[in-house]
Amino acid sequence: MSPGLEVQIRLRWPEWFGQHSDYTKSLMGHGFQHGDGWYRLLAKTFERIEPEVARFNRELAAIGTQFEIVEVKEKFGSLRIIALPTTTEIICAFMDARYESLTICELCGAPGAFQTEYSQTRCTDCAPPKR
Ligand SMILES: [Zn+2]
């Protein structure tokens, strides 16, 4: 994702990306490994889990840890978000985002579809010509 959009996410939820320089704990040092077209879906998903993360972090404070996003990437044409530790509610939100991403062009955010030829989700303008 473009640095400008990454900054928007990191500024909005800074405490969710605390250990990004340690690759044994988080892969966020690689950045958000997907196209700009999923920015709005990502922001919507993070807004959805915000109350649950706040509740969960109060619980985690007792054991001296906190919720953290450790990887965000494209895989097989869909958006994958991985957090540790996490809850069922948060995982469900991430699964919803994963399935919704299969209907949104990863590059431009227009309605798209999963392209079986090359395992990417694209709109008709961004998809390479059919062979
Ligand atoms: Zn597109």
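Here the structure is shown first, and the text comes after it.
Residues numbered from 1 in each chain as written. Predicted model: local features only at pLDDT ≥ 70, side-chain atom pairs only at ≥ 80, totals over all residues. Heavy atoms only, no water.

**Q** Describe in detail the overall build of the protein chain, supporting the description with residues and values.
**A** When helices and strands are counted, the protein chain shows three helices and four strands. When its helices and strands are written in sequence order, the protein chain yields α-α-β-β-α-β-β. The C-alpha radius of gyration computed for the protein chain amounts to 15 Å, which stays within 12% of the reference 14 Å derived for 131 residues, consistent with globular compactness. A principal-axis box enclosing the C-alpha atoms of the protein chain has dimensions of 55 × 25 × 25 Å. Relative to its 131 residues, the protein chain shows a buried fraction of 43%. Surface exposure of the protein chain reaches about 7400 Å², of which carbon and sulfur atoms provide 57%. (Helix = DSSP H or I, 4+ residues; strand = E, 2+ residues; numbered from the N terminus. Rg over C-alpha atoms; globule rule 2.2 N^0.38 Å. Buried < 20%, exposed > 50% of the residue type's maximum accessible area, 1.4 Å probe, protein only. Areas by Shrake-Rupley, 256 points an atom, 1.4 Å probe, with all protein chains shown as cover.)

**Q** Any details on the nonpolar core? Residues and values, ideally.
**A** In this structure, I9, F46, F67 and I69 are the most contacted members of the largest nonpolar core, which totals 28 residues. Put simply, the parts of the chain that give this core at least two residues each are α2 (39–61), β1 (69–75), β2 (78–83) and α3 (88–101). Examining the composition of this core, we find that nine residues originate from one element, α2, more than from any other. What I69 contacts, discounting residues up to four positions off in sequence, is W16, F17, S26, M28, F46, I81, I82, A83 and F94. (Core = buried A, V, L, I, M, F, W, Y, C linked by side-chain atoms within 4.5 Å. Contact = heavy atoms within 4.5 Å.)

**Q** Before we move on, can you summarise the coordination of the zinc ion with the specific residues and values?
**A** Looking at the zinc ion, the protein donor atoms are C105 (SG), C108 (SG), C123 (SG) and C126 (SG), and they sit 2.3 Å from it. Seen from the zinc ion, its four donor atoms lie at angles of 104 to 116 degrees, and the figure they make is tetrahedral. Every donor residue of the zinc ion comes from the same chain, spaced as C-x2-C-x14-C-x2-C. Residue C105 is located in the loop between α3 and β3 (113–115), and its partner C123 is located in the segment after β4 (120–122); the two are separated by 18 residues in the primary sequence. In this structure C105 comes out as buried when scored by relative accessible area, which is 0%. For C123, a relative accessible area of 6% gives the class buried. (Donors = N, O, S within 2.8 Å, 3.2 Å for Na, K, Ca; no water. Tetrahedral: all angles 85-135°; square planar, octahedral: opposite > 155°, others 65-115°.)

**Q** I'd like to hear about the side chain of T45, residue by residue, with values.
**A** Following the sequence through the fold, T45 ends up in helix α2. By relative accessible area, T45 is classed as buried at 4%. With residues near it in sequence (within four places) discarded, T45 still touches I81, A93, F94 and A97.

**Q** I'd love a proper account of the environment of C123, names of residues and values included.
**A** Residues C123 and G4, 119 residues apart in the sequence, show an inter-C-alpha distance of 23 Å. Discounting residues that sit within four places of it in the chain, C123 has contacts with C105, C108, A110, P111 and G112.

**Q** Let's hear about the pattern of salt bridges: which residues, and what values?
**A** Scanning the model with the defined rule gives eight salt bridges in all. Taking the shortest distance from any N to any O, the salt bridge between E71 and K73 comes out at 3.3 Å. Comparing E71 with K73, the two get one shared label, buried. Residues R122 and E106 are paired through a salt bridge, measuring 3.3 Å at the closest nitrogen-oxygen approach. Here R122, found in strand β4, pairs with E106, found in the loop between α3 and β3; they are 16 residues apart in sequence, far enough to count as distant. For the pair R122 and E106, one class covers both residues: buried. (Salt bridge = Lys/Arg side-chain N within 4 Å of Asp/Glu carboxyl O.)

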